[in-house]
Amino acid sequence: MELGTLAVAAIGAVFGVGTTLVTDLVRSRREQDRYWNETKRIVYTRFLTSLAQTHSRMIVAAFREQSEDVRRHEVHDAFHNDPQYSDAKSVLRELAISAPDHVYQAALPVYQQLRVVRETLAAQPLRPESAEYEEVRQPFFKGMETLQRVMRDDLQPSTSRRL
């Protein structure tokens, strides 16, 4: 066997092993990104769902005919006690761990606005069409829409993200 043939075989082997390593690294990175994106998607969905369900439970409690003390207690109970064990504050903590900072920072004001809704509903008897309720409801739902858009943009592949 000639030295040239051996050199070509060695170069081919090194090239083949190198290509395999690079391919495996790219594949591993892609799978890791896919897994991380799926984890974020689940937490994002849980948080948005938790916010919406908490709001729904609070308005059901607030708009019933009942005494002031009972209404206040039921509104606070609706905020804190989620029957599916995914209250908004707990999922907000998951979001703090899983989401990039810009998503978490967009989520905080929405959660805080939900607390404002809670305090407004607990403070006095209101009707669904009342100006006081509308004044706190609109910023909450506008914040939800903005947060949803931020989350959706974060989950897009980096090549198709909006600028």
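This structure is a prediction, so every number in the text was calculated from the model and none was measured. (Residues numbered from 1 in each chain as written. Predicted model: local features only at pLDDT ≥ 70, side-chain atom pairs only at ≥ 80, totals over all residues. Heavy atoms only, no water.)

Draft legend 1. Seen up close, helix H4 (residues 101–123). Between the first and last C-alpha of H4 there are 33 Å, a value that for 23 residues agrees with the 33 Å anticipated at 1.5 Å per step. Regarding H4, the residues found buried are Val103, Ala107, Val110, Tyr111, Gln113, Leu114, Val117, Arg118, Thr120, Leu121 and Ala122. (Helix = DSSP H or I, 4+ residues; strand = E, 2+ residues; numbered from the N terminus. Expected span 1.5 Å × (residues − 1). Buried < 20%, exposed > 50% of the residue type's maximum accessible area, 1.4 Å probe, protein only.)

Draft legend 2. Region of the structure containing the packing of H4 against helix H5 (residues 131–155). The contact between H4 and H5 brings their axes to 9 Å, and the two run at 160°. With respect to H5, the element H4 is oriented roughly antiparallel. Judged by the twist between their axes, the crossing of H4 over H5 is left-handed. Side by side, H4 and H5 meet where His102, Val103, Ala106, Ala107, Val110, Gln113, Leu114, Val116, Val117, Thr120 and Leu121 of the first sit next to Glu132, Tyr133, Val136, Pro139, Phe140, Gly143, Met144, Leu147, Val150, Met151 and Asp154 of the second. (Axes fitted to C-alpha atoms, helices over the stretch in contact; angles between N-to-C directions. Parallel < 35°, antiparallel > 145°, perpendicular 65-115°, else oblique. Left-handed = near helix turned anticlockwise from the far one by under 90°. Contact = heavy atoms within 4.5 Å.)

Draft legend 3. Representation of the pattern of salt bridges in the model. Counting across every chain of the model gives nine salt bridges. As a salt-bridge pair, Lys40 and Asp154 come within 2.9 Å of each other at their nearest N and O atoms. Note that Lys40 is positioned in helix H1 (residues 3–62) and Asp154 in helix H5, a separation of 114 residues in sequence. Judged by its relative accessible area of 5%, Asp154 is buried. (Salt bridge = Lys/Arg side-chain N within 4 Å of Asp/Glu carboxyl O.)

Draft legend 4. Fine view of the environment of Met144. As for its placement among the helices and strands, Met144 is situated in helix H5. Sequence separation between Met144 and Ala107 is 37 residues, and the spatial gap between their C-alpha atoms is 8.3 Å. Among all residues touching Met144, those that are not within four sequence positions of it are Leu48, Leu51, Ala52 and Val110.

Draft legend 5. Inspection of the nonpolar core at higher detail. Ranked by internal contacts, the top residues of the largest apolar core, which has 32 residues, are Phe47, Leu51, Met58, Leu95, Leu121, Leu147 and Met151. Of all the elements in the fold, those that place two or more residues in this core are H1, helix H2 (68–80), helix H3 (88–98), H4 and H5. Setting aside its immediate chain neighbours within four residues, Phe47 contacts Ala88, Val91, Leu92, Leu95, Ala107, Tyr111, Leu147 and Met151. (Core = buried A, V, L, I, M, F, W, Y, C linked by side-chain atoms within 4.5 Å.)

Draft legend 6. Examining the environment of Arg41 more closely. Topologically, Arg41 is positioned in helix H1. Given a relative accessible area of 38%, Arg41 falls into the partly exposed group. Separated by 110 residues in the primary sequence, Arg41 and Met151 have C-alpha atoms spaced 8.2 Å apart.

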